[in-house]
Structure formats: structure tokens, C-alpha cells
Amino acid sequence: RRGPRAARMMRAESLGPETKRLVVGDVACDTVRDDQFSVIRRAESIGDEFLVGNFDFGELGSGGGKGGDTMARTRDGRYFIKTLSEGDGKSLLEDAFLKDYVARATTGQSLLSKICAVISHDKLGRFIVMNNCVNPRVKCWSRLYDLKGTADDKTLVADGAAVYHAHKRFYNVNLLVRECFGCYRDVPVLRQRYVKGKHEAFDAPIYVTKAQREEILTALKNDVALFDKHGLMDYSLLVGIQRVPANEVDEAMRAFEHDVHNKPYVIEYGGETLILYFGIIDFLQRWTGGKKVAHVIKYLFAPRPISTVNPKTYAKQFLDFFDFKFKGVAFERENLARTSSVRRSFNFGGESRKGGASPTVLERLKSAAGVTIMAAEED
């Protein structure tokens, strides 16, 4: 889906003039700073007609977050179109950041969500168009996480079912007290599932190979350096985990071609094959006066660790969290033949599995410990 690395790093002057208007669905919209965003489209081999008949502004709805911005997916699922708020617009369109962002996003070594256009609708205002970081063809995610390395971490999808946001309110004293003491009697089921998902998202390790761990952490450090330089915070790492039957892996990997989602990582762990996707999202928040006030309130009353901290603290907290969370103990796909004859039993939460039985995905994700190989023998 992408050309050679050199082609992906082409400068704006070699790509031709910017596109003044893009057709979004059936609406012609003016572009904003397309001298920069067109560089990303060309690097990702995205033609200017990519939104023609592919979106309906009438489908815009709440994105599910606390910001209240409206968003929707394109009909092919490959892109998201989201309202560009005034604050995010100031961050994104500031000349120094925009040029640094485009340069970083087109290296081929970044986990950033790629913003490939900013458009202006005559009646609805400005929107950003960004790639879907995870594979839109996946119909059933084993897990989909939104991670910051704080108490705001959450599970979005568990075993193919959406985990709906059920926020507690400060005025619901009964609910606050019950959750504080770990008592969930009379707590709504949706709220219980949401809280359980938050705990899992924060605690569950992410298994990759040793080489993949190094590659991912290096990309994270370089991406976060961009945010630190420009005073941005409150960004998240979107993590998608897909369980794939062994006989369908090759077909699933062929489906990666000619698409715009972020790089997939294929691993074998615990007798199962998983495909993982990573993408940094929501990275345009500045350290404003409102965030400073929120920091004081959360410091006094919110569970630790908190997300509302200054950009340098946030960057260190974010990187330290993922340095611990990524476990480089999985096997690479191409090495499966070599390791298929080895039987293992694992220790999860003190329980051994005998005779080479593999832990389930749920057990693996719930376990915060690494893999302990209790026994191994060649068949």
C-alpha cells in the first residue's frame, strides 16, 4: 500500500500543488493548509478522490469522549472525519508544529494517526480527516484499548462487544462510596463492566516479540518528543488486538495491502496467533489554564495516576508506562515452525496448565505477569 521508503519521505515541493477543494461525500469542501496535508496523502498513496461518495455529514455524532466533538467513519471505514475545535485547530495549524508533524508522520517509522486533510464545510465548519489506525475489515476485536498510562485508561471492545462508557457523577455519593470500598452491590451492570474494563486496560500486559518491542518503543519515544517540544499532552495509544485462527493468518496478512491503517504486528503467544495495531490519537491538547485548574482538582480527588499533568510530566509518565507494559516474550510469525514442536505449560495467577494447554486470551490479558515456562520438551 506504500511505495519505497524514499518515496514516502518526499518533500512538498516534489509533490505538485495543493488541492484547493476536496469532494467529501457529495459536498465540495475547501481545504485548509493542504500544502502540508497533501504531503501525507501522497506519501500514503491516497488520491484526492478518496472521499467522493464515501461520507455522509448527516451521520456525524458524538465521538464518545469527554470533549463532545462530533465525528463519524467514512463508509469504507478507512477514515474518521471529526470536528476541528478551536483549541485543536490552534495546535494543529500552528506553522512550526504542522511542519514538524508532517515530517514525523511521513517517516514510515511513526505510530501517529495520520491527518490527511483539513476541510471546511460551508455550514458545519472545519473538520479533520484522519486514517483509521486499526484495520477496518476486522469485525470482531478480541480487545480494543484506549491507553494513557493513567486511571483514565479504558477498554473500548472486549471479545467483540462494545464496552459502553458509564461515567460516575460527583453528586452520586452512594455510587462513589461503594466503588471506593470495592462494593458493587446495586451498581448498574454497565458501570461494573466499564470499571472492570478500565482496570484491565491499565493492568494487562501487551505481548510482542523482543524486536517488535524495541521498534514500538523507539517510535513512541520519537513521537512523544514531538509532543513534548510543542507543549502537548493528554494523548492516547489506541491498541487493537485481533485473534486469528492459524489457518487464516496468511489471508489476513494479504488483506493488509493497499490500506491506510497503521502497521500490523503479528505474533504467536500461548498457542494462539494475534495481530496487533497501535496508533497515537487525540494529541492536539495544549496545557491551558483550564487544564491547570483541572490538575488541581484531580490531584486532590481523582485516583492516581492522573492524566491532567504538564506536558513534560505527561510524556515521562506515558513512556514509563509502556516501557513496563510491553513484554517482549512472544514469538515472531516466521519462527512458528521452529517452535511448534515445543510444549509449554504456563503459570497464570498461581495456576499451572499441564500437558501443553495454552491459556485463553482473557487469561493472558488479565495476567500482569510475564510468561513463566514451567516445562519444555521436544516431541
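Note that the structure is a prediction, hence the values are computed from the model and not measured.

*Asks:* Explanation requested: the sheet that holds strand β15 (residues 272–281) in the structure shown.
*Replies:* By definition, the strands of a sheet pair up through backbone hydrogen bonds, in either a parallel or an antiparallel sense. Pairing is antiparallel in the open sheet, where seven strands are placed in the order β10-β9-β8-β13-β15-β14-β18. Strands with a single pairing partner mark the edges of an open sheet, and in this sheet they are β10 (161–162) and β18 (331–332). In the sheet, strand β13 (residues 236–244) pairs with β15 via nine bridges, with the strands oriented antiparallel. From the neighbouring strand, Q242 faces β15, where its bridge partner is I275.

*Asks:* Would you mind going over the packing of helix α2 (residues 34–43) against helix α4 (residues 95–105) with me for this structure?
*Replies:* To characterise two packed helices, one gives the angle between the axes of the helices and the distance between these axes. At a minimum axis distance of 10 Å, the contact between α2 and α4 shows a crossing angle of 5°. Taken together, the axis directions place α2 and α4 in an arrangement best described as roughly parallel. Counted together, Q36, F37, V39 and I40 of α2 and L98, K99, Y101, V102 and A105 of α4 form the full contact between these two elements. When the residues that make up the contact of α2 with α4 are grouped by side-chain class, the tally is seven nonpolar, one polar and one charged.

*Asks:* Sorry if this is basic, but what is going on with the sheet that holds strand β4 (residues 70–73) here?
*Replies:* Judged by pairing direction, the sheet is antiparallel, and its seven strands sit side by side in the order β1-β2-β6-β7-β5-β4-β3 without closing on themselves. Two strands in the sheet have a free side with no partner beyond their single neighbour: β1 (21–24) and β3 (61–62). In this sheet, strand β7 (residues 125–131) lies alongside strand β6 (residues 115–121) in antiparallel orientation, the contact comprising six bridges. When the bridges of β7 are listed, S120 appears paired with R126. Where α2 meets the sheet, it contacts β1, β2 (27–31) and β6, and its direction lies at approximately 135° from that of β6.

*Asks:* Can you walk me through the packing of aromatic side chains in this structure?
*Replies:* Given two aromatic rings, their pairing is described by the distance between the two centres and the angle made by the two planes. On inspection of all chains with the given rule, the structure shows 18 aromatic pairs. Pairing F50 with Y79 gives two aromatic rings, centres 5.0 Å apart and planes at 65°, and the pair type is edge-to-face. Separated by 29 residues along the polypeptide, F50 in the loop between α2 and β3 and Y79 in strand β5 (residues 79–83) bring together distant segments of the chain. Here F50 matches Y79 in class, with each residue buried. Ring plane angle 75° and centroid distance 5.0 Å describe the contact between Y235 and F318, whose orientation is recorded as edge-to-face. One end of the pair, Y235, is in the loop between β12 (232–233) and β13; the other, F318, is in helix α10 (residues 311–325), with 83 residues separating them in the sequence. The exposure class assigned to Y235 is buried, which follows from its relative accessible area of 0%. We classify F318 as buried; its relative accessible area is 0%.

*Asks:* So what exactly am I meant to see when it comes to the confidence of the model for the protein here?
*Replies:* Fine structural detail should not be taken from predicted coordinates in areas where pLDDT scores are low. Across the protein, the average pLDDT comes to 83, with 75% of residues at or above 70. Contacts of residues 335–362 to residues separated by more than four positions or lying in other chains number 63 contacts, the stretch itself having pLDDT below 50. Long-range and interchain partners of residues 364–379, a stretch whose pLDDT sits below 50, account for 51 contacts in this model, where long-range means more than four residues apart.

*Asks:* Where do I start with helix α7 (residues 210–229) in this structure?
*Replies:* Residue pairs three or four apart in sequence face the same way in an α-helix, which turns once every 3.6 residues. Taking 1.5 Å per residue, 20 residues should reach 28 Å; α7 reaches 29 Å between its end C-alpha atoms and fits that length. Within α7, burial applies to Q212, I216, L217, A219, L220, D223, V224, L226 and F227. Of the residues flanking the end of α7, it is G231, one or two places downstream, whose phi is positive at about 70°.

*Asks:* What is the right way to read the packing of α7 against α10 from this model?
*Replies:* Closest axis-to-axis distance for the α7/α10 pair is 10 Å, and the angle between their directions is 175°. As the angle between them shows, α7 and α10 are arranged roughly antiparallel. Of the residues in α10, those touching α7 at R213, L217, L220, K221, V224 and D228 are P311, K312, A315, F318, L319, F322 and D323. Its residues assigned to classes, the contact of α7 with α10 shows eight nonpolar, no polar and five charged.

What counts, and where the lines are drawn
Residues numbered from 1 in each chain as written. Predicted model: local features only at pLDDT ≥ 70, side-chain atom pairs only at ≥ 80, totals over all residues. Heavy atoms only, no water. Pairing = 2+ DSSP bridges. Helix = DSSP H or I, 4+ residues; strand = E, 2+ residues; numbered from the N terminus. Axes fitted to C-alpha atoms, helices over the stretch in contact; angles between N-to-C directions. Parallel < 35°, antiparallel > 145°, perpendicular 65-115°, else oblique. Contact = heavy atoms within 4.5 Å. Nonpolar A, V, L, I, M, F, W, Y, C, P; charged D, E, K, R; others polar. Phe/Tyr/Trp six-rings, centres within 6.5 Å; stacked < 30°, edge-to-face > 60°. Buried < 20%, exposed > 50% of the residue type's maximum accessible area, 1.4 Å probe, protein only. pLDDT = per-residue confidence, 0-100. Expected span 1.5 Å × (residues − 1).

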